[in-house]
Amino acid sequence: MAHLLSTSYSVKLSSGCKPLIQNSIVFPKFVSFQTSKTPFTSQRSQSSCTVRATTLSANREAPNEPSQGIHQTSSEPSKSKRVMVIGGDGYCGWATALHLSKKGYEVAIVDSLVRRLFDHQLGIDSLTPISSIHDRLRCWKALTGKSIELYIGDICDFEFLTDAFKSFEPEAVVHFGEQRSAPYSMIDRSRAVFTQNNNVIGTLNVLFAIKEFGEQCHLVKLGTMGEYGTPNIDIEEGYITITHNGRTDTLPYPKQASSFYHLSKVHDSNNIAFTCKAWGIRATDLNQGVVYGVRTDETEMHEELINRLDYDGVFGTALNRFCVQAAVDHPLTVYGKGGQTRGYLDIRDTVQCVEIAIANPAQAGEFRVFNQFTEQFSVNELAALVTKAGKKLGIDVQTTSVPNPRVEAEEHYYNAKHTKLIELGLKPHLLSDSLLDSLLNFALKYKDRVDRKQIMPSVSWRKIGAKPKTVTA
Ligand SMILES: NC(=O)c1ccc[n+]([C@@H]2O[C@H](COP(=O)([O-])OP(=O)(O)OC[C@H]3O[C@@H](n4cnc5c(N)ncnc54)[C@H](O)[C@@H]3O)[C@@H](O)[C@H]2O)c1
């Protein structure tokens, strides 16, 4: 099958720069680079996971003085706090890790690099040329004097996670480390199973690691607004007070997830809520909206710090995808009627929200839920905004309606609350003409890297089957 890669993949570190890790990294078997019937095995034997915590910079000394451009701000933590960023090589995680490092937190990235593997398997690539995690971190250290520790491995391997926890002793864990594409989870049975196994077991392991090795550690978990679905009433932040047959209670807001990926997030939320109650874990579930944009103050500092930007039919999200489509004169692909409305936020606000959550931790035993988005738009509204922004740059943007590959309401009521992060100090970057200009210009800069074959949706919710499927030609 084209989406399967063959056995034993190992990453050698580039030798051009000062070596930071001596060993080569062997991916755990579960990410199955084997030509078996399924791309991923759902049973991960701990002994088969050969990656141990490999630390880029294990020292806890005060970082060197920044060599350029970084100034402490009043929002810096008075005492540096150790924050583990799981999934720190990904889109949101990379930007967040740099932001927290700049703000004076001691940061460790934990990542299996499986997201880069998905790209190889599906034959897709980020619009932006992203450097290896090692080169990224070397560049960050060279520019700022700040070290970020690196643990490469799979959080579903509890032994690996234990090593990382014991070595780094995090005071907060930000958990981005999941398979995050709804279409990916709907490709075939094996991807559905992988997604739920990866996400649910990974999160369970994080909960056990906190219980065993860091009881006071605050879990900041990335959930998604997609957990709620599109109910015909206002969406509250996590809980709703209901009066039924004369009795009143405040209950978890009903969840109506619409893909195996979104369902994995619901399972995560339930497991976290339970362990807060049972073990006294302190947790914040950030139900994030769709993130757009690519630049943050930190990723802008050097080409090698550039973040990934997905535009393909599997990992590309609305708005980012539309801007890339506009840049290469591809019609904007609106699924169905285009009335699908969701919450959105700028990636600069993702990093801000996470920082706010860490700085204001949940109480022991508290399961706190924040809806993390700043504005809501329908797909048609986004298409209109990109069309207008394109006109200013002399691009004649067309829109086409394609059959909706998903099973979802295409016209519906949507009004989701999002006040808690604002109350804690979030200063939103609202979607503006200038942001759209810059995103479009960014897409134009890298348009030669666009593979037009990857643009159209290729995964159907209704046609998902048990047979492993090759997505691209
Ligand atoms: N991007 C969005 O618009 C968006 C919207 C809502 C919620 N979220 C949530 O935010 C989080 C991050 O999203 P993203 O867009 O940065 O995704 P991403 O795919 O770019 O990054 C996820 C990272 O986690 C790593 N990872 C996955 N499974 C792992 C495992 N078992 N062990 C260790 N590392 C693992 C991947 O290698 C990758 O680097 C996800 O949980 C996602 O559900 C994202």
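On a predicted model such as this, the values are computed, not experimentally measured, just so you know.

Trainee: Hey, could you go over the confidence of the model for the chain for me, with residue numbers and the actual values?
Mentor: Scored by pLDDT, the chain comes out at a mean of 87, with 83% of its residues at no less than 70. Long-range and interchain partners of residues 1-74, a stretch whose pLDDT sits below 50, account for 129 contacts in this model, where long-range means more than four residues apart.

Trainee: A description of the nonpolar core should follow, citing residues and the corresponding values.
Mentor: In globular proteins that are soluble, nonpolar side chains generally tend to be buried together. The biggest cluster of nonpolar side chains holds 100 residues, and the ones touching the most others in it are Val173, Cys323 and Val386. Apart from the residues lying within four places of it in its own chain, the contact partners of Cys323 are Val386, Leu439, Leu440 and Ala443. Judged by nonpolar contacts, the second largest core, of 15 residues, contains Ala182, Ile187, Phe260 and Val266.

Trainee: Report on the site of the ligand, specifying residues and quantitative values.
Mentor: As a matter of local geometry, the ligand sits amid 27 residues, with Gly87, Gly90, Cys92, Arg115 and Arg180 nearest to it. Of all the secondary-structure elements, those providing two or more residues to the shell around the ligand are α1 (91-102), α2 (114-122), α6 (189-213), β7 (218-224) and β11 (290-292). Broken down by element, the residue count for the shell around the ligand peaks at three residues, all from α1. Here the residues of the shell around the ligand sort into 10 nonpolar, 11 polar and six charged.

Trainee: For helix α12 (residues 433-445), give the residues involved together with the corresponding values.
Mentor: Taking 1.5 Å as the rise per residue, α12 with 13 residues should run 18 Å; its terminal C-alpha atoms sit 18 Å apart, in good agreement. Looking only at α12, the buried set comprises Leu436, Leu439, Leu440, Phe442 and Ala443. What you see down the axis of α12 is that its buried residues fit within an arc of 155°, all on one side. Turned more than 90 degrees from where α12 packs its buried face, Asp433, Ser434 and Lys445 sit exposed. Of the surrounding elements, those touching the buried residues of α12 are α8 (320-327) and α10 (379-392).

Trainee: Explain the packing of helix α4 (residues 158-168) against α6 to me, using residue names and the numbers behind them.
Mentor: Relative orientation of the contacting elements α4 and α6 amounts to 45°, with a least axis distance of 10 Å. For the element pair α4 / α6, the angle class is oblique. The handedness of the crossing between α4 and α6 comes out as right-handed. Two secondary-structure elements touch here, α4 through Phe158, Leu161, Thr162, Phe165 and Lys166 and α6 through Asn205, Phe208, Ala209 and Phe213. Across the contact of α4 with α6, the residue classes break down as six nonpolar, two polar and one charged.

Trainee: I'd like to hear about the sheet that holds strand β15 (residues 375-378), residue by residue, with values.
Mentor: The strand order across the open sheet formed by three strands is β11-β13-β15, and the pairing between neighbours is mixed. Lying at the two open borders of the sheet, with one neighbouring strand each, are β11 and β15. For this sheet, the mean inter-axis angle between neighbouring strands, taken without regard to orientation, is 45°. As paired elements, β11 and strand β13 (residues 341-346) share three bridges and run parallel to each other. Within β13, the position partnered with Val291 by the bridge is Leu345.

Trainee: Before we move on, can you summarise the pairing of strand β6 (residues 172-175) with the specific residues and values?
Mentor: Neither face of β6 is open: one carries Ala172 and Val174, the other Val173 and His175, and all of them are buried. Pairing of strand β3 (residues 82-86) with β6, which is carried by four bridges, proceeds in the parallel orientation. Opposite Ile86, over in β6, you have His175 as the bridge partner. By the bridge criterion, four bridges tie β6 to β7 in an arrangement that is parallel. Residue Ala172 lies in a different strand from β7, and its bridge partner there is His218.

Trainee: So what about the environment of Phe194? Which residues, and what values?
Mentor: In this fold, Phe194 is placed in helix α6. Residue class for Phe194 comes out buried when judged on the 26 C-beta atoms lying within 10 Å of it. Sequence separation between Phe194 and Gln179 is 15 residues, and the spatial gap between their C-alpha atoms is 8.4 Å.

Trainee: Quick rundown of the sheet that holds strand β10 (residues 282-288)? Include the residues and the values.
Mentor: In space, the seven strands of this open sheet follow the order β5-β4-β3-β6-β7-β10-β14, with parallel pairing throughout. Strand pairing shows two members of the sheet lacking a second neighbour, β5 (148-152) and β14 (367-372), which therefore form its edges. The average angle at which neighbouring strand axes cross in this sheet is 20°, direction not considered. This element, α6, spans β3, β6 and β7 of the sheet and lies at about 180° to β6.

Trainee: Before we move on, could you go through the environment of Gly123 and cite the residues and values that matter?
Mentor: With respect to the helices and strands, the residue Gly123 is situated in the loop between α2 and α3 (133-144). Taking C-alpha positions, Gly123 is 9.8 Å from Asp451, a pair spaced 328 residues apart along the chain.

Trainee: Describe the pairing of strand β8 (residues 239-244), listing the residues and the values that go with them.
Mentor: With zero of six residues buried, β8 lies mostly on the surface of the structure. Here β8 pairs with strand β9 (residues 247-252) via six bridges, running antiparallel. Among the inter-strand pairings, Thr243 is bridged to a residue of β9, identified as Thr248.

Thresholds applied
Residues numbered from 1 in each chain as written. Predicted model: local features only at pLDDT ≥ 70, side-chain atom pairs only at ≥ 80, totals over all residues. pLDDT = per-residue confidence, 0-100. Contact = placed C-beta atoms within 7 Å. Core = buried A, V, L, I, M, F, W, Y, C linked by C-beta atoms within 7 Å. Buried ≥ 20, exposed ≤ 12 C-beta atoms within 10 Å, placed from the backbone. Near = placed C-beta within 6 Å. Helix = DSSP H or I, 4+ residues; strand = E, 2+ residues; numbered from the N terminus. Nonpolar A, V, L, I, M, F, W, Y, C, P; charged D, E, K, R; others polar. Expected span 1.5 Å × (residues − 1). Arc of directions from axis to C-beta. Axes fitted to C-alpha atoms, helices over the stretch in contact; angles between N-to-C directions. Parallel < 35°, antiparallel > 145°, perpendicular 65-115°, else oblique. Left-handed = near helix turned anticlockwise from the far one by under 90°. Pairing = 2+ DSSP bridges.

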